[in-house]
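Remarks on the overall topology
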Amino acid sequence: MKIKRFLVGFLTFLVVTGAFYFVGEQFSIAWLMFSYEYESSAEGFYFSANSFMPIVFGVAASFIAEKMYVKKAAQKKLPEF
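If you're wondering where the values come from, they're calculated on a predicted model, not measured in any experiment.

Thoughts on the confidence of the model for the chain
Averaged over every residue, the pLDDT of the chain is 89; the share at 70 or more is 94%. Mean pLDDT values for the elements of the chain range from 83 in strand β2 (residues 44-50) up to 94 in helix α1 (residues 2-27).

Focus: the pairing of β2
Where strand β1 (residues 35-41) meets β2, seven bridges bridge the pair, whose relative direction is antiparallel. Within β2, the residue paired with Tyr36 across the bridge is Ala49.

Some remarks on helix α2 (residues 53-76)
Compared with the 34 Å implied by 1.5 Å per residue over 24 residues, the 34 Å span of α2 between its first and last C-alpha is a close match. By the burial criterion, the buried members of α2 are Pro54, Gly58, Ser62, Ala65, Tyr69 and Ala73. Looking at the buried positions of α2, the neighbouring elements they touch are α1. One or two positions beyond α2, positive phi appears at Lys77, with a value near 55°.

Structural notes on the pairing of β1
Burial runs low along β1: only zero of the seven residues are buried. Where β1 folds back on β2, the antiparallel hairpin that results is connected by two residues.

Comments concerning the packing of α1 against α2
Running from N to C, α1 and α2 cross one another at 150°; their axes reach a closest spacing of 8 Å. Relative to α2, α1 is oriented so that their crossing is right-handed. Residue-level contacts link Lys4, Arg5, Val8, Gly9, Phe10, Thr12, Phe13, Val16, Thr17, Phe20 and Tyr21 of α1 to Pro54, Ile55, Phe57, Gly58, Val59, Ala61, Ser62, Ala65, Glu66, Tyr69 and Val70 of α2. Its residues assigned to classes, the contact of α1 with α2 shows 14 nonpolar, five polar and three charged.

Procedures and definitions
- Per chain, residue numbering runs from 1 following the sequence as it is written.
- Only residues with pLDDT of 70 or above have their local features reported here, since the model is predicted, and side-chain atom pairs are shown and tallied only from 80 upward, although totals for entire chains, interfaces and linings are computed over all residues.
- Water and hydrogen atoms play no part in the side-chain values, which are based on all heavy atoms of the structure.
- Scored from 0 to 100, pLDDT records how confident the predictor is in each individual residue.
- We count a stretch as a helix when DSSP gives it H or I for four or more residues in a row; a strand needs E for two or more, and each element gets its number in order from the N terminus.
- Here the rule is simple: two strands pair whenever DSSP picks up at least two bridges between them.
- Here a helix's expected span is defined as the number of its residues, less one, multiplied by 1.5 Å.
- Working definition: with a 1.4 Å probe on protein chains only, accessible area under 20% of the residue-type maximum means buried, over 50% means exposed, and in between means partly exposed.
- The contact definition used throughout considers only heavy atoms, calling two residues in contact when any of these lie within 4.5 Å.
- Structural elements are reduced to axes, namely lines fitted to C-alpha atoms, with helices fitted over the stretch in contact, and the angle between N-to-C directions of any two is expressed from 0 to 180 degrees.
- Left-handed is the label given to a crossing in which the near helix is rotated counterclockwise from the far helix by less than a right angle, and right-handed is the label when the rotation is clockwise.
- Any residue outside Ala, Val, Leu, Ile, Met, Phe, Trp, Tyr, Cys, Pro, Asp, Glu, Lys and Arg is labelled polar, Gly included; the first ten of those are nonpolar and the last four are charged.

Set out below in structure tokens:
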């Protein structure tokens, strides 16, 4: 059950995060688009990454999906793998 539990959470995270990034790119929604900047000069370098909101949404959806799976598994007494 631990492998399935992990897969449910991980796949939910990937799908939800990917969907939000896709929607952000398709409709040009700045807070859903992944963007980064990298500058290198004589003084050093500068790196900036923006829009982690889809990741936050993905983690939240993953948490909820995992809790729902565990609750359903406890009710049905699913076999463990």
